[in-house]
Protein chains: 2
Amino acid sequence: MAGHDINAQTGVDMANARRKTSITIKHVRNFLHGGQEEWTKRQKILEVLERDEVFDKSQRDFMSRTERYSRGLAITNRIYELQETHEWSQQETNLAFAALDESLPIGLHNVAFQPVFLSQGGRTLVEKYGYIISTRGILGCYLQTELGHGTNVAQLETTATYIPESKEFEIHSPTLTSSKWWIGALGKTSTHGVVQAKLILGGQDMGPHLFFVPLRSMENHKVLPGITIGDIGPKALGGYSPTDNGFARFNHVRIPKENMLSQFAQVTDEGKYVQPPHAKLSYGGMLYIRANMVTSAGWLMAKAATVSIRYATVRRQGERGSDGLERQTLTHPSVYYRLLPILSHAFVFIQLGKSLVKAFEQMSSRLAKGDTSLLAEMHATTSGLKVLVSSTGVQDLEVARRSMGGHGYSVFAGLGRLYADYLPSVTYEGDNFVLDQQVVRAALKSYRALFSSSNPSSSSLSPSSNYLRLLINPKTAPLTSAPAAAAWKDPATAVLLLEWRAALIVHEYAKHVKDPDASVNQRVAKAVTEAFVGAQVAEIIKGLENSGMGEKERKTVEKVYLLYLLTTVENGLIDLLSFGVLREHGTKPGDVTRTLRVAIKELCEELLPEAIGLSDAFGFSDWELDSSLGVYDGKVYESLWNRAQQEPLNQTEVPAAYEQSIKPMLERGQRQAAKSRSKL
Amino acid sequence: MAGHDINAQTGVDMANARRKTSITIKHVRNFLHGGQEEWTKRQKILEVLERDEVFDKSQRDFMSRTERYSRGLAITNRIYELQETHEWSQQETNLAFAALDESLPIGLHNVAFQPVFLSQGGRTLVEKYGYIISTRGILGCYLQTELGHGTNVAQLETTATYIPESKEFEIHSPTLTSSKWWIGALGKTSTHGVVQAKLILGGQDMGPHLFFVPLRSMENHKVLPGITIGDIGPKALGGYSPTDNGFARFNHVRIPKENMLSQFAQVTDEGKYVQPPHAKLSYGGMLYIRANMVTSAGWLMAKAATVSIRYATVRRQGERGSDGLERQTLTHPSVYYRLLPILSHAFVFIQLGKSLVKAFEQMSSRLAKGDTSLLAEMHATTSGLKVLVSSTGVQDLEVARRSMGGHGYSVFAGLGRLYADYLPSVTYEGDNFVLDQQVVRAALKSYRALFSSSNPSSSSLSPSSNYLRLLINPKTAPLTSAPAAAAWKDPATAVLLLEWRAALIVHEYAKHVKDPDASVNQRVAKAVTEAFVGAQVAEIIKGLENSGMGEKERKTVEKVYLLYLLTTVENGLIDLLSFGVLREHGTKPGDVTRTLRVAIKELCEELLPEAIGLSDAFGFSDWELDSSLGVYDGKVYESLWNRAQQEPLNQTEVPAAYEQSIKPMLERGQRQAAKSRSKL
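The rules behind the values
Counting of residues starts from 1 at the beginning of each chain's written sequence and follows it residue by residue. Here chains are named by letter from A upward and ligands by number from 1 upward, in the order in which they appear as written. Reporting in this predicted model follows two pLDDT cut-offs: at least 70 for local features of residues, and 80 or more for side-chain atom pairs to be given and counted; totals over whole chains, interfaces and linings ignore these cut-offs and use all residues. Calculation of side-chain values draws on the structure's entire complement of heavy atoms; hydrogens and water are dropped beforehand. Secondary structure counts use DSSP, requiring at least four H or I residues in a row for a helix and at least two E residues in a row for a strand, with both numbered from the N terminus. Contacts were defined at the residue level, with two residues in contact if any of their heavy atoms lie within 4.5 Å. Under the convention used here, a 1.4 Å probe and the Shrake-Rupley method define accessible areas, while residue burial counts only the protein chains that appear. Residues scored as charged are limited to Lys and Arg (positive) and Asp and Glu (negative), so that His and the chain ends carry no count. Lys charges are placed at NZ, Arg charges at CZ, Asp charges at CG and Glu charges at CD. For two strands to count as paired, DSSP must find a minimum of two bridges between them. UniProt positions are given in the numbering used here, feature names are shortened, and annotations may be inferred rather than shown by experiment. Once two parts are joined, some of their accessible surface, as seen by a 1.4 Å probe, is lost; buried area is that loss totalled over both. Note on definitions: salt bridges are taken to be side-chain nitrogens of Lys or Arg within 4 Å of carboxyl oxygens of Asp or Glu. Polar contacts, as used here, are pairs of N or O atoms within 3.5 Å; protein pairs need one atom able to donate a hydrogen and one able to accept it. Residues neighboring in sequence count only if both atoms are side-chain atoms. Only Asp, Glu, Lys and Arg are considered charged in this grouping, and only Ala, Val, Leu, Ile, Met, Phe, Trp, Tyr, Cys and Pro are considered nonpolar; every other residue, Gly among them, is considered polar. Residue count minus one, scaled by 1.5 Å, sets the expected span of a helix. Buried, partly exposed and exposed residues are distinguished by accessible area as a fraction of the type maximum, computed with a 1.4 Å probe on protein chains only: under 20%, between the cut-offs, and over 50%, respectively. Every axis in this analysis is a line fitted to C-alpha atoms, fitted for helices over the stretch in contact. Angles between the N-to-C directions lie between 0 and 180 degrees. C-alpha atoms of residues with pLDDT of at least 70 in both copies form the basis for the least-squares superposition of the copies. Nonpolar cores were defined as sets of buried Ala, Val, Leu, Ile, Met, Phe, Trp, Tyr and Cys residues, with membership established by side-chain atoms within 4.5 Å. Scored from 0 to 100, pLDDT reflects the predictor's confidence in each residue.

For chain A, the helix and strand inventory stands at 21 helices and 13 strands. Dimensions of chain A, computed from C-alpha atoms along their principal axes, come out at roughly 90 × 85 × 65 Å. Within chain A, contacts between residues at least 6 apart in sequence are counted, and of these 74% link residues at least 24 apart. For chain A, the exposed surface amounts to about 25700 Å²; the carbon and sulfur share of it is 52%. If you average the places of the 75 positive and of the 71 negative side-chain charges in chain A, the two averages end up 4 Å apart.

Below is the structure:
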């Protein structure tokens, strides 16, 4: 009956967990953050933000959408003010935005509008507007999708008709469905936009091209004549609240000819079309966005892991032990089996993102010289990874949220917010189902190229199709029985299985290419991408030797990566089993997947004492996480209590609804009850 | 260039799809709704609601939480006013609430507070308050969970100490973590509550018991002395906005002794405890809630299917065909493969819910006579089904939403709202991971009971463990190769596979019960529940003969059920493969799962022309669905456009944020750009 003080116990549990960690957190943190210097830089910026009340998050969850929009712009303005004051570099400003955890309209200017303008605008146009765009003296958006059309730009309806007489283009939305729709920062913010429209020359449709179009007056921000603009309304689940995704209809709006983005396609004064040298050159920007998505997904998973592992460390539930305390929920197999893989995803994608950005930079510098040799590989890799990280990220956020039981459904838990904002990543920048097709197409192409030769050689294989080497030499047959328990400790076992899975599934796909089943694209793309990531993870593990971490940290981090590999194999079991790569152990009956499942459980148990240390190594502050359940000191109940007091409904004792509805309902009920009683 | 009018085409596509349906929708509708009479009753109520502006949904998505709360109570008051006016029966009133698609505080009075009070209150207490509770002359809530404790009621901290001197109980919250938390309708609405607290008699803890406690003044709705009450704040993703989930702390609050709910446990005036005859009798209410969850999940899946299938019928994307039109997205395998199974889930759970409610009623009438023989079976069945329907429902809503691409992320798509409200179903009424354990325990018990006999007989097996019969006769060996294409057309193939999967997995679990892997509970529980549902679906299919539907409808509906079975087998492939139930076809290499995958694809293709007809048969009105993408006439783009115009941000041309933040930002940028230029 006396019992423990459960609130005090949360703090004790967290402190104990930190004491038990054997790793030096700082070393792992520097590994993840790319060195002590980067970490220090980041901390300096965070100190500035956390001290500034403009970035206060305490009222955010109670705000209406209009308030969230206004707050978002106030934040943005403040960041650029701070940038000027503190002379932050571009990278430092990016760090500040990343720390904010807000879906801001300015993101569309910085990530969509400006890169497209700079990379595709002709020299004259860039000279005229480049500066003012990069200092945000005008604010832009990128108008591609329409009410009736998404990623399939070939079918867009908006037209840009060249008028040779006045050397102008006329931008026009001929139909309701040609209204530009979903355009971030268009609804209320942007002064200018890059509009994708069908170029019409002398009545002929030349396909989609880009045009720089003023949208609002620089005097008073009013919408310019001939244009109808508005916000498209709230997003599902309250996601992207601060962003004004908008619509626009153009009614024969004239722009000067020079406003066509003409780096790769031009129109002469007379209205003749000049062909672009290489159409694919315009892909660069999209690939950069996708490469960056890997890193940011990694950090998002890191947040999910930090919050849920911290909560599961202090939350106790179940039978009481000999110490009179219930069990920490993290010790329940059903909980750690869900949370530790999320931690491993974060470690994988944070590191993988770094090497992808490097690969992107290499490709870009080659592209600048007209060398497109790396483009196809980059395209195949980033398409598959975009699908993998976005679907894994969305899933991890929800798995982590759900692991927190009832309290996970409170907005103060913090993960719902991240989920709502991250959810569209599975459909934007290429719908995942569309990208899957591209991965499959690339895989089939590599497969056919390899076997079109009478003497296939693995030397021609790129990293993303390297798994196909297994099909060349028939002596390298699949495993004939499931690996024994010990074999799972070697990362090579899992990597080889993932590669065999990809190889056999592509081989099978090629066989039935004319009669595929309905889910084959998803299955093939996943297998191919996971084989690539598996091989990359093996490289990361090798690289740990030179990571600057100590022995203990290296061993622990290696286990995290191994957990990634084993759980990826587990999720690919259907394929491994259906192609007979994993089979029964000779005549022994029973579950052929058991050694793997037990290996995963044991690995999780080895990692459990390090879970808090590994989460701390991500280095998030309480302000960044903005989660009652993920507070550093573990005092989750105090935090929930304190936040609840601020709920607007609690600012009056009796709600307005009492006089309006509750009282009439009570009175009716009392009257009816009296009537029923009187009938007795 | 001329092109089609894409907006007009949406209406044409929908009309064409309706024309192509071969089934008579009315017949299937009556099958789902339980007959023409029930359908007519429902329609009459809907007409009343749709005509009444209190139930207008057009501003709902723009409201703050406080506004949603006030609207929710206004709606509730109006329903009871209409009930009185139209003399609606209880069932008709329930139909009205179900049609509203709102998470209302009154639900907690009706589904938690009132049933608990009536079933567990002693005769005197029920006589005193029964009427006024059932007419809502007082409004109640059920206070179980605490800030520091969830479903594990044995560990609750709130105390109810008996004071023999005054014949009172003193309700007390000794700690912060003992605050009641998450209690629906407590925050601002309820006048009374049933509080779960540890009964303390003479210093001894007698475990959790229930007490009827006044919370607010019946004069002015103010919180009574000694109690601190408030709303716990917003829920994740904006879910349950209209419900005031609340907290309460009790500071030595006295209630008369008669306020203990004493149907099954009593305290004498002197403070002696009188034992309940059968503790489990109190489970009834929870089982009823769970049985009802199956039906309501079915209708929720029906909404997801209707909206997404309608949108996929009118949305066109991809290459243009010979008619100059892009493909309807529903014809893409990756789309129909995701959506038709959702339709099949709806058909299964709507029908299964009906038989469960019947089974529940049968059990209740036996329970009333003290016969508990059906309780264990009902408990095992509903635990597993609760997990299955809630996790499937959440998943289906998201799969359907995601299938709609970009527009699916608009709040006007309608499915995000349903998702946010349905999400907590995976954690409330028993967290799914906790319930899984109970299913596994029940399965193991049945397994051991069966094989404890030297001569095991299947006659002792209940429907939920009937699959274990396969283990009795070793002659009934698993299939030795994958079924041929034709075999998948017989529902018996899939049902037998699901039963074999359950039987072998329970057998394996029993073998390793002391050394389980980390995910075994989820795996076993799913297999066991799906075997039960599979067998039930076979029964439903047999029952179609007497459904009153015509031949065409019967054949089509049977295919829907078959699709359920085949896709369930597909989702259970890992187990089927790892236990060798599905194996390679002799020496033929390749994918052993291919015949199943192709069978699913072909079945989907047979169902495609009927998809709109089958969705229409659910019978939802546009007002009920409240979805721009699911409008009956197919004019999705018009609907999106019209709704967007109402967005609050669109009510002013220049947002307030312009003067506050946008203008300063533009001016700073222009100044910086000028400075950079001047440096050149």
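Here the narrative resumes, following the displayed structure.
On to the pairing of strand E12 (residues 316–320) of chain A, then. Residues and elements named next belong to chain A. The sheet contact formed by E12 and strand E13 (residues 326–328) spans 2 bridges and is antiparallel. When the bridges of E13 are listed, Arg320 appears paired with Glu326. Between the antiparallel neighbours E12 and E13 lie 5 residues, among them Gly324 with a positive phi of about 80 degrees.

Moving on, we get to the UniProt feature "domain: Acyl-coenzyme A oxidase N-terminal" (unreviewed entry) in chain A. According to UniProt, the feature "domain: Acyl-coenzyme A oxidase N-terminal" (unreviewed entry) maps to residues 28–121 of chain A in the numbering used here. Its end C-alpha atoms 43 Å apart, residues 28–121 of chain A is made of 74% helix and 0% strand.

Further remarks concern the interface of chain A and chain B. With 155 residues of chain A in contact, the opposing surface of chain B contributes 155 residues. For the pair chain A and chain B, the summed buried area comes to about 13600 Å², and 60% of that belongs to carbon and sulfur atoms. When residues of chain A are sorted by the area they lose upon contact with chain B, Tyr409(A), Trp641(A) and Leu649(A) head the list and together hold 6% of the total. One can count 10 salt bridges joining chain A with chain B. Where Glu647(B) meets Arg65(A), a salt bridge forms, and the shortest distance between an N and an O atom there is 3.1 Å. At the boundary of chain A with chain B, the tally comes to 57 residue pairs in polar contact (both at pLDDT 80 or more). Of the residues forming the side of chain A that touches chain B, the biggest block, 16 residues, is contributed by helix H21 (residues 657–679) of chain A. Here the residues of the side of chain A that touches chain B sort into 62 nonpolar, 49 polar and 44 charged.

Right, let's get into helix H13 (residues 491–511) of chain B. All names here are of chain B. With 21 residues, H13 ought to run about 30 Å at 1.5 Å a step, and its terminal C-alpha atoms sit 31 Å apart, in line with that. The element H13 is extensively covered by neighbouring structure, given that 17 of its 21 residues are classed as buried. Measuring from the backbone nitrogen of Ala492 back to the side-chain oxygen at the start of H13 gives 2.9 Å, which picks out Asp490 as the cap.

Residue and element names in this part refer to chain B. If you trace the 3 strands from one edge of the open sheet to the other, you get E4-E8-E7, paired in antiparallel fashion. This sheet does not close on itself; its edge strands, each paired only once, are strand E4 (180–183) and strand E7 (227–231). Ignoring which end each strand starts from, the neighbouring axes of this sheet average 15 degrees apart. Pairing analysis gives 2 bridges linking E4 to strand E8 (residues 246–250), with the strands arranged antiparallel. Note on E8: the bridge partner recorded for Ile183 is Gly246.

For the rest of this paragraph, the subject is the relation of the copies chain A and chain B. Between chain A and chain B, the superposition needs a rotation of 180 degrees and an axial shift of 0.0 Å, giving an RMSD of 0.0 Å. Expressed as a symmetry operation, the mapping of one chain copy onto the other fits a two-fold axis. Take the interface residues of chain A: 100% of them recur as interface residues in chain B, which is what a same-surface contact looks like.

The next point concerns the nonpolar core. Ranked by internal contacts, the top residues of the largest apolar core, which has 291 residues, are Phe347(A), Tyr561(A), Phe618(A), Phe347(B), Tyr561(B) and Phe618(B). Once you skip the residues sitting within four places of it in the chain, Phe347(A) turns out to touch Val28(A), Phe31(A), Leu32(A), Val557(A), Val560(A), Tyr561(A), Leu614(A) and Phe618(A).

Residue and element names in this part refer to chain B. Counted residue by residue, strand E3 (residues 168–172) has 4 buried out of 5 residues, so it is predominantly covered. Sheet analysis places strand E2 (residues 159–163) next to E3, joined by 5 bridges and oriented antiparallel. Looking across to E3, one finds that Ala160 is bridged to Ile171. Summarising the sheet, E3 and strand E9 (residues 253–256) pair through 4 bridges and their orientation is antiparallel. Considered in E9, the bridge of Phe169 is made with Ile255.

Quick look at the sheet that holds strand E7 (residues 227–231) of chain A now. Residue and element names in this part refer to chain A. Read across the sheet, 3 strands follow the order E4-E8-E7 without closing on themselves; strand pairing throughout is antiparallel. Looking at strand neighbours, the two that pair on one side only are strand E4 (180–183) and E7, the edges of this open sheet. Put simply, the sheet's adjacent strands are angled 15 degrees from each other on average, direction ignored.

In low-pLDDT regions, the fine details of the predicted coordinates are not to be read closely. Across chain A, pLDDT averages 93, with 96% of residues at or above 70. Under the prediction, the complex receives an ipTM of 0.96, its pTM being 0.96.

Another point: the pattern of salt bridges. Residue and element names in this part refer to chain A. Counted according to the given criterion, the structure contains 88 salt bridges over all chains. Two residues, Asp13 and Arg316, come together in a salt bridge whose shortest N-O distance is 2.8 Å. Linking Asp13 in helix H1 (residues 6–20) with Arg316 in strand E12, this pair joins segments that are 303 residues apart in sequence. Put simply, Glu530 and Arg501 hold a salt bridge, and the shortest N to O gap is 2.8 Å. Placement of Glu530 in helix H14 (residues 520–543) and of Arg501 in helix H13 (residues 491–511) is noted, with a sequence separation of 29 residues between them. The two residues Glu530 and Arg501 agree in class, both being buried. When salt bridges with common partners are traced through the structure, they connect Arg60, Asp61, Arg68, Arg71, Asp101, Glu102, Arg417, Asp626 and Arg643 into a single cluster.

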